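Analysis of the macromolecular model
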Amino acid sequence: MKIALHGLTLKAEYIAEIELLFKELAKHNIEILVTEPLDRALKMTGKKTLSYWVIENQDELREVDFLISIGGDGTLLDAVCLVGNLEIPILGLNTGRLGFLATVATDRIGEAIEHLAGGNFQIEARSLISLQSSRKLFNGLNFALNEFTIHKRDTSSMITVHTYIDGKYLNSYWADGLIVSTPTGSTGYSLSCGGPLITPGAKSFVITPVSPHNLNVRPIIVSDECEVSFEIEGRTDKFLISLDSRSTSISSEVKLSVKKELFSAKLVKLPHYHFFDTLRQKLNWGFDMRN
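Attention here is on the structure that accompanies the text. Just so it is clear, the structure is predicted and the values come from calculations on it, not from any experiment.

1. Thoughts on the overall build of the protein chain
For the protein chain, the helix and strand inventory stands at 6 helices and 18 strands. Taking 291 residues into account, the globule formula puts the C-alpha radius of gyration at 19 Å, and the protein chain, at 20 Å, falls close to it. Along the first, second and third principal axes, the C-alpha set of the protein chain runs to 60 × 50 × 35 Å. Counting over 291 residues, the protein chain shows a buried share of 49%. In the protein chain, the share of contacts with a sequence separation of at least 24, taken over all contacts with a separation of at least 6, comes to 68%. For the protein chain, the exposed surface amounts to about 14,500 Å²; the carbon and sulfur share of it is 49%.

What follows is the structure, given as structure tokens:
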């Protein structure tokens, strides 16, 4: 078995856990490959005794059975971009903060590797959102696990986003921006703007306005089989769009639409994990300050 490790940074307090991860992988005779960002982070810690191969291009990922993301949810989102349409199963080891996606705690490393080596897990397919545009954006990485966002730029004034579903006019949103979220992204930016929580298997998108001018404008859930297109107006000609944490500036002349991507992100689901457990833990559901 071959497992790739990916991380963007490495906090000093997690060095012991990373050494344990390497030890557990070696115990099961698993070949370890490391992405270049994690290789740099490991070298900065002075750990030169760990044995692994460095992945220099995406083609080398084709032989990998799993990818372990080491960090928070942002690192896992980056791992999804790295894997792309290879659909390599990703397991998130949480050394970050919130951990809606990176669900494996550092005190469960040995247990997690035991499950991977023994085949005791499930693969959960998470839908991605794909951006179609009249010019090439994001270096061709035009998909996201969480959301696509349109946002105002260089002005305090609102923008107007004329929105269409399969070519049929839906609404003109006078707002600071507009979010189109996947079910996975419903726990992210969309949630903070008043959007609903959606279970990962739901076949839907959520369209959520950011600080709308009209308070009767609410988020709407639509089928992920539809195509959502936009026309943007504002007092300036520049607007900001983003796919998860990646953003770029565009002009109003660029044609934009989103739909469900043809491939998906495959997340490893270990035994005894459930989405509802994560919701209760991360959102403090059922927590009473009086007790």
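What follows continues from the structure just given.
2. What to know about the layout of surface pockets
The computed volume of the largest pocket comes to approximately 470 Å³. Around the largest pocket sit 25 residues that line it, and Gly72, Asp73, Gly74, Thr75 and Arg97 are the ones nearest its centre. When residues in the lining of the largest pocket are grouped by element, the largest group, 4 residues, is from helix H3 (residues 73-83). Considering only residue class, the lining of the largest pocket consists of 8 nonpolar, 13 polar and 4 charged. If you add up the space inside the second largest pocket, you get close to 380 Å³.

3. So, the pattern of salt bridges
Between side chains of opposite charge, a pair can form when the charged atoms approach closely. The full count for this structure, using the stated rule, is 10 salt bridges. The salt bridge partner of Lys27 is Glu24, with a shortest N-O separation of 3.1 Å. With Lys27 and Glu24 both in helix H1 (residues 15-27) and 3 residues apart, this pair spans about one turn of that helix. On the basis of relative accessibility, which here comes to 53%, the residue Lys27 falls in the exposed class. Linking Asp224 and Lys260 is a salt bridge whose minimum nitrogen-to-oxygen distance equals 3.7 Å.

Conventions we followed
Residues numbered from 1 in each chain as written. Predicted model: local features only at pLDDT ≥ 70, side-chain atom pairs only at ≥ 80, totals over all residues. Heavy atoms only, no water. Helix = DSSP H or I, 4+ residues; strand = E, 2+ residues; numbered from the N terminus. Rg over C-alpha atoms; globule rule 2.2 N^0.38 Å. Buried < 20%, exposed > 50% of the residue type's maximum accessible area, 1.4 Å probe, protein only. Contact = heavy atoms within 4.5 Å. Areas by Shrake-Rupley, 256 points an atom, 1.4 Å probe, with all protein chains shown as cover. 1 Å grid on protein atoms, 1.4 Å probe; cavity = no way out; pocket = protein on both sides within 12 Å on 5 of 7 lines; lining within 4 Å. Points joined across faces, edges and corners; volume = space filled by probe spheres on them. Nonpolar A, V, L, I, M, F, W, Y, C, P; charged D, E, K, R; others polar. Salt bridge = Lys/Arg side-chain N within 4 Å of Asp/Glu carboxyl O.

Interpretation note: all reported values are geometric properties and have no functional meaning in isolation.
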